[in-house]
Amino acid sequence: MSNGSAFPSLPILDQEPTGRRGFLKACGATLGLAAWATAMQPLVEWSQELSVDEFLQKHYRELKPAEKQAVFRRLEEDCKKDHGVDVTISDPQAIPGVQFAYALNLSVCIGCRKCAEACHIENNHDRATNNSYIRVFEMEMGGIDFEKGDATYDHPVPQPGKFYMPVQCQQCENPPCVSACPIEATWQEEDGIVVVDYNWCIGCRYCEAACPYHARRFNWEAPQIPAEEINPDQGYLSNRIRPQGVMEKCTFCLHRTREGKMPACLEACPTGARVFGNILDPNSEIRWVVENKRTFVLKEELGTKPRFYYFFDE
Amino acid sequence: MTRTLFLTCGLVSAACLLAGFTAGCQRHESAAEPTPAVAAVNPGTAKLYPVVTREPPLPQGIPTGTNDPHGQSISLKCFTCHSARESSPHTYQSADLDEFHQGLKMAHGQLTCISCHDAKDGYSSLKLADGRTLAYSESMTLCAQCHGPQYGDYQHGAHGGMTGHWDLTRGGRERNHCLHCHDPHSPQYPQFAPVAGPRDRFSPAASTGESHE
């Protein structure tokens, strides 16, 4: 076959003709290569954003103090590079002898959504989606029926015949979201706050499905915020700008509350419907409310044991 | 975690053996305990920062509707008129008056002007239900005589907006006065437009557009 061409004027055919088997092999190899390249494409793009340090970063709770500091400094540099803003990543620890609890007076809440707005600003939420950890429901008077609740009302408040019920993370003592996480990227701290290590989370959203209060949010995109609006006082476990594809949630503003300050939503509340404090302190306001008011928790029957109490005046 | 604990236990027991039984053991255990970075909250002994009530908006006199040569509105002190005029216990609405206080909305139960204003000194101060005079700056006491439950809630930090610290050992707190939210003549909290809601998949705008359903 080596010199047996019938058409010498066509040198290309002078070569050893390709058999069916060879042709299929070549096709298979080409397709395989193309598929492999396509499959690897995200990795190429990904590695542009993800440094080796970030990829190799350990779980928050396994980081030694020096490693933590290195991580925080790296995140600060990244923020400077990506947003052009000088931020401080802090890592306040739970205060011994403190268990946080929150209470909300439904008789006083007027549904102004100032709390949701304050959360939006404080926690560096995406501006386009107007995201917030607080969802305020306009509810029919006479019961707690979320089927009849409306979280997207847009008319003057308060409306007659309605009451308003802000819902955020209930910081459950028995948090289903923590049990649902397959990789322990979310856990409960000593002071009762459930936190997420945004660098460990893989974004599977099991926790979002597990939460009966719809308190967790998924970052479909990294939050987009104008540089001058970024809150530079950031906590590693709380309000630092989250990466794309991870879960986030209310942390009772732990970067503020572990410094003794009030959460942002409480400071924004014009009516004083919100009460926050250390439930272990017998002289605290929150303790007085729980001891003296008719409080209830949302979906008590689920056994999640929320640290967020609702109450109303007689 | 377990391994660390195990190792720590091992180290401590080894140290105990070396140091010689109980006394040494106790000393070592207490030495191994980490010192908390922040002292536990102890309201009994720690110094507490103050809780301050913000100054309420106090009446600065009654505007006459005319301006002085500098363009500032001229207002009169209450007693300018009221020291020379007889007060009427029946005046209930500003519409009952021929001049001044026009347009003042009065919607506070069955109260009349002199239920709260003290006619004795030309309306320069307030009057408690038992007839005692009360300065305008003490108006919370006046409110409290009828609104006891609300005042009780306020005293326990469960009514009225505030800013500052939950932990008074770390910093102070500022609280609103009744008058920051409630107009004394028409105390019901007014209706107003809320802040814009979320633009997520629950909002009507989003669900009509690029919905996955």
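Before any of the text, the structure's been laid out above.
Calculation rules
Going along each chain's sequence as written, the residues are numbered from 1 onward. Throughout, the order in which chains and ligands are written sets their labels, letters from A for the former and numbers from 1 for the latter. In view of the model being predicted, local features appear only for residues whose pLDDT reaches at least 70, and side-chain atom pairs are presented and counted only at 80 or more, with totals across whole chains, interfaces and linings using the full set of residues. A run of H or I in DSSP becomes a helix once it reaches four residues, and a run of E becomes a strand once it reaches two; helices and strands are each numbered from the N terminus. The burial criterion counts other C-beta atoms lying within 10 Å of a residue's C-beta, which is placed from the backbone; the residue is buried at 20 or more, exposed at 12 or fewer, and partly exposed between these limits. Contact between two residues is assigned whenever their backbone-derived C-beta positions fall within 7 Å. Any two strands with at least two DSSP-identified bridges between them are counted as paired. Every axis in this analysis is a line fitted to C-alpha atoms, fitted for helices over the stretch in contact. Angles between the N-to-C directions lie between 0 and 180 degrees. Residues were grouped as follows: Ala, Val, Leu, Ile, Met, Phe, Trp, Tyr, Cys and Pro as nonpolar; Asp, Glu, Lys and Arg as charged; and all remaining residues, including Gly, as polar. Multiplying 1.5 Å by the helix residue count minus one yields the expected span of that helix.

Draft legend 1. Main features of the overall build of chain B. Regarding its fold elements, chain B presents eight helices and seven strands. Looking at chain B as a whole, 13% of its 213 residues are labelled buried. When contacts within chain B are restricted to residue pairs at least 6 apart in sequence, long-range pairs at least 24 apart make up 39% of them.

Draft legend 2. Representation of the overall build of chain A within the structure. Secondary structure assignment for chain A yields nine helices and twelve strands. Its C-alpha atoms give chain A principal-axis dimensions of about 105 × 50 × 40 Å. Every one of the 314 residues in chain A was classed for burial, and the buried ones make up 39%. Across chain A, every contact between residues at least 6 apart in sequence was considered, and the portion connecting residues at least 24 apart equals 62%.

Draft legend 3. Structural view of the sheet that holds strand E12 (residues 308-312) of chain A. Residue and element names in this part refer to chain A. An order of E10-E2-E12-E11 is seen for the four strands of this open sheet, with the pairing classed as mixed. Either end of the sheet is taken by a strand with one partner, and the two such strands are strand E10 (274-278) and strand E11 (294-296). Neighbouring strand axes in the sheet, compared pairwise and without regard to direction, differ in orientation by 30° on average. The pairing of strand E2 (residues 100-105) with E12 spans four bridges and is parallel. What sits directly across from Tyr102, in E12, is Phe308. Running over the sheet, helix H9 (residues 285-292) touches E2, E10, E11 and E12 and is turned about 110° from E10.

Draft legend 4. Looking closely at unusual backbone geometry. Residue and element names in this part refer to chain A. Of the consecutive residues Val157 and Pro158, the connecting peptide bond is found in the cis state with omega at -5°. If you trace the backbone, Pro158 turns up in the loop between strand E3 (135-140) and strand E4 (162-167). One non-glycine residue, Cys253, adopts positive backbone phi at about 50°. Note on placement: Cys253 falls in the loop between strand E9 (247-248) and helix H7 (254-257).

Draft legend 5. Here's a closer look at the interface of chain B and chain A. Taken together, the contacts link 36 residues of chain B with 46 residues of chain A. Counting residues per element, the side of chain B that touches chain A draws most heavily on strand E6 (residues 162-164) of chain B, which supplies three residues. Classifying every residue of the side of chain B that touches chain A gives 20 nonpolar, twelve polar and four charged.

Draft legend 6. Highlighting the environment of A:Gly22. Residue and element names in this part refer to chain A. Looking at the element boundaries, Gly22 is found in helix H1 (residues 20-49). Residue classification places Gly22 among the exposed positions, given that 11 C-beta atoms sit within 10 Å. Along the backbone, Gly22 and Cys119 are 97 residues apart, and their C-alpha atoms lie at a distance of 64 Å.

Draft legend 7. Quick peek at helix H3 (residues 65-83) of chain A. In this model H3(A) runs 27 Å from its N-terminal to its C-terminal C-alpha over 19 residues, within 8% of the 27 Å that 1.5 Å per residue would give. Just past H3(A), the residue A:Gly84 takes up positive phi, approximately 70°.

These figures capture arrangement, not role.
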